[in-house]
Each structure stands twice: as structure tokens, then as C-alpha cells.
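# An overview of the molecular structure
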Amino acid sequence: MTNVVVIGSQWGDEGKGKIVDWLSERADIVVRFQGGHNAGHTLVIDGTSYKLSLLPSGVVRPGKMGVIGNGVVVDPHALLAEIDRLAVQGVKITPENLRVADNATLILSLHRELDALREDAATNSGTKIGTTRRGIGPAYEDKVGRRSIRFMDLADLESLPSKVDRILTHHNALRRGLGVAEVSHETIMEELTSVADRVLPFRETVWLLLDKERRRGARILFEGAQGSLLDIDHGTYPFVTSSNTVAGQASAGSGMGPGSLGYILGITKAYTTRVGEGPFPTELKDEIGQFLGEKGHEFGTVTGRKRRCGWFDAALVRQSVATNGITGIALTKLDVLDGLEELKICVGYMLDGEQIDHLPASQGAQARVEPVYITLEGWKESTVGARKWADLPAQAIKYVRQVEELIGAPVALLSTSPERDDTILVTDPFED
């Protein structure tokens, strides 16, 4: 038995929700370790859809504990709104099944406002990043700048006012420079104290909780948000998120030592998608790209934005395998490729007349690369709902095997529809 870390191996939206739900049935604890409510996923359980942004997937299942780690930035108002939405669907979230790290950074209204102001300015200048405007980046900036308000601060009303003054000194200087009104001390204090009584019961020393649970033999599932190619260090900078999304962050963002992480499962879509701005070497702006988007229902869970679609990029996923130490992948949405005459896989790039096997870190070089493809025969038969290898067309199996060879990692699970049971299990990550 081992613990499992789930990360996206592309630019997010790889189908983590279904796979995490499938795994959470086997887990005792599900831990979010980075990001915020800017990345969402949809779980379909017994025909009911649950849309989650901040809460760990395990909370919708009875008897499972959800944990929000210190690596997450938490908007307390968004947290309560999500809890209330689930309550309407019959899912009760209490301190019995949800714990929030006392040292997690809070997202405030001034973070959301700054995020929107910057994105508007960048849009006008043609340099926008494509953020969700939910205050994630500015909250992480304050964390690194050592001026953030943390979850535990809501319980210390004597020290809170001075901390609010400290963060306002920084933000009001920015707001003056941007030509907008300053935020008052009273506004932020009211914003924080109005939610304190409801959120503080969820407070926990998470590293200690997880250490105790690990020692007693609990199965722990670490749930990443976004994808590895949006990592602040290893992604397509500056078109990235504001946190580390790679598997190593599961340790730093939860307080559990890296030796306890266990199996690293990379969720990998059978083609490639991206939301927002940034390089996308295999993007298809033709009828095939439209086909993938429509058949794959490629719209963001949180934003509703249409996703850009393209061929599978083995060179990029191979990088993710290396930077995450991926043990095996869960290949999702194979069924979306049904009916295509031929399929292409990117195996490298041409850059200034030279073939390379990885995406360079330079923004300029990323914009200049041209994909190098191999072409495989497609299949006419349906793979929808396949639950064993024998149900798959021969060409679909060949495609999967080619992906494994090119990325340097085996397929542990293969998903053939949004339904959780339509999954071919090759290796149970908890038993590997």
C-alpha cells in the first residue's frame, strides 16, 4: 500500500476530476496542496454532477476526509459559497470531513481587484496572461512578500489589525499608482471578521494531522490543480499559474515529507488542450481542432472559456514525466479520437533549423518552434465505455502503446468516457 499524488501532465483540464474521484473511493484522505479556486473539475456520481473548485474531491463521498493544505490560497467567502452549494445537493461539509491548514494564505477582495486591474491593463497593451481574475496571483505575491493574512490570523483579533495595516500599506500604494481608490482598514477587518466564526472550526495543523494519519496506515491521495505545464518554474512562463503545480509541491504544500508521497500519477489527455494565452505548438485551428473541442466538450469548469485543442504532444508530456517523477499515467478521453482517419503525435520540434526533443524555456523560442509529427492510422470503431483491453480496436491499442513509448511512462489507467466505471485498470496506484 502506498500514498498517491495526482497531477496534470499537460496544461490542465486533463480529466483529473474523474480519476481523483475513482481513486478517492480507495483513499481515506484527499489533500489539495496548491492553487486556489481558479481550477475546477466536475465529478459525476450516480448521475449527479458536482462542480468543485477549492474543496478536495473526497468531500462528496461519505467517510472520506478532505484537507486543504498550506500550499493552497483560500478565499474564505468562496470556500463558504462552495460549501453552501454542495449542501443544496445534499452533501454536508463539516469539520468532521474537511480540515484547512492554519498556515494557509487567505485571498481577500483587494487581491481579486488587483488581479482584474492588472489583467485589464495587460489586455489593453496586448500582453495579457489570461488569469481567472480570482486573486490567486496577488495572494501568492503577498505570501512570498511575508505580508499575507493567514487562516490562523482570524483567531487572533489582537494581532489581526496590525497585519491588516501591513498588507494595506503595500496594496494602497499599488492602488494609488493604478489610479483607483484606496481600501480602508475597516473594510478589510469587516471582510475577515464576518466569516471568522464560520470558517475557523475547519482550522487544523495539517502537517501534524497527516503525519499521524500516515503512521496509522491511512491511504492519502494528494490532488493537484491545473497542470505541470502551468508550473511557475517549469511551465511556459509567463503564461503560467502562480504556484508550483508539479508533484514535489505535494510535499511542500501539505507538510508531509517527500519520502511519503509514493506513486506519482500523471493525468494525461489523449490529445492536448489549453485555456488562455501562451504557446501551444500542436494547436489545431481547423476543422479537426473544432471536432476535438465539440466532441470533448472542451469548456472550462470554472470560467466556461473555450479550450484550444491540438494533437497529442509527446515531447511536452515527456518533460512532465521527468519534472514530476511520474510513475504511470492515466490516459483520458481516448474516445474523443474515435472516427478520425489519421492521428498525429508530436515527437519534437524544429527550432531555427535544428530539431530538438523538448520545449525550450525561452518565451521567444517557444513562439518559434514548429512541431515534428509522426502519423498513425485512426479507428472507426467506438471506444466509448470500454472497460478492458479486448473492447478496444487494434489501432486504439497501437496508439496507446505508441504514447507509452514516446513519453517514457506506462499507462496505469485508461479512461473511455466521463463515467467513473468506464476505466481500464492496468495498475492500481495504491497497490503498486
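Preceding block: the structure.
This section reports on the structure supplied with the text. (Residues numbered from 1 in each chain as written. Predicted model: local features only at pLDDT ≥ 70, side-chain atom pairs only at ≥ 80, totals over all residues. Heavy atoms only, no water.)

## Let's talk about the overall build of the protein chain
Of the regular secondary structure elements, the protein chain holds twelve helices and 20 strands. Scaling as 2.2 N^0.38, a compact globule of 432 residues should have a C-alpha radius of gyration of about 22 Å, and the protein chain matches this with 22 Å. Dimensions of the protein chain, computed from C-alpha atoms along their principal axes, come out at roughly 65 × 50 × 40 Å. The contacts in the protein chain between residues at least 6 apart in sequence include a share of 76% that link residues at least 24 apart. Across the protein chain, the centroid of the 48 positively charged side chains sits 2 Å from that of the 58 negatively charged ones. (Helix = DSSP H or I, 4+ residues; strand = E, 2+ residues; numbered from the N terminus. Rg over C-alpha atoms; globule rule 2.2 N^0.38 Å. Contact = heavy atoms within 4.5 Å. Lys, Arg positive; Asp, Glu negative; His and termini not counted. Charge placed at Lys NZ, Arg CZ, Asp CG, Glu CD.)

## Looking at the packing of aromatic side chains
For the structure shown, the criterion picks out two aromatic pairs. With a centroid separation of 6.0 Å and an interplanar angle of 65 degrees, the aromatic rings of tryptophan 379 and tyrosine 399 are classed as edge-to-face. Taken together, the residues tryptophan 379 in the loop between strand S18 (370-377) and helix H12 (394-407) and tyrosine 399 in helix H12 connect sequence positions 20 residues apart. For tryptophan 379, a relative accessible area of 2% corresponds to the buried category. The aromatic ring of tryptophan 22 is capped on one face by arginine 26, whose charged end is 3.6 Å from the ring centroid. A cation over an aromatic ring shows up here: arginine 401 above the ring of tryptophan 389, its NZ or CZ 4.6 Å from the ring centre. (Phe/Tyr/Trp six-rings, centres within 6.5 Å; stacked < 30°, edge-to-face > 60°. Buried < 20%, exposed > 50% of the residue type's maximum accessible area, 1.4 Å probe, protein only. Lys NZ or Arg CZ within 6 Å of the ring centre and 35° of its normal.)

## Let's talk about the environment of valine 199
By secondary structure assignment, the location of valine 199 is in helix H6 (residues 185-199). The sequence separation of valine 199 and proline 95 amounts to 104 residues, and the corresponding C-alpha distance is 9.3 Å. In this structure valine 199 touches Pro76, Leu79, Leu80, Phe151 and Leu154, once residues within four positions along its chain are discounted.

## Brief notes about the pattern of salt bridges
Applying the stated criterion across every chain yields a total of 26 salt bridges. Between arginine 198 and aspartate 84 there is a salt bridge; the shortest N-O distance is 3.0 Å. Here the residue arginine 198 occupies a position in helix H6, and aspartate 84 occupies one in helix H2 (residues 76-88), the gap between them amounting to 114 residues. Residues joined in a network through salt bridges with shared partners are Asp13, Lys269, Glu298, Arg307 and Lys333. (Salt bridge = Lys/Arg side-chain N within 4 Å of Asp/Glu carboxyl O.)

## Describing the layout of surface pockets
Approximately 210 Å³ is the volume found for the second largest pocket. Every residue lining the second largest pocket is counted, 15 residues in all, and those nearest its centre are Asp233, His234, Gly235, Gln319 and Leu359. Tallied by class, the residues present in the lining of the second largest pocket amount to six nonpolar, eight polar and one charged. (1 Å grid on protein atoms, 1.4 Å probe; cavity = no way out; pocket = protein on both sides within 12 Å on 5 of 7 lines; lining within 4 Å. Points joined across faces, edges and corners; volume = space filled by probe spheres on them. Nonpolar A, V, L, I, M, F, W, Y, C, P; charged D, E, K, R; others polar.)

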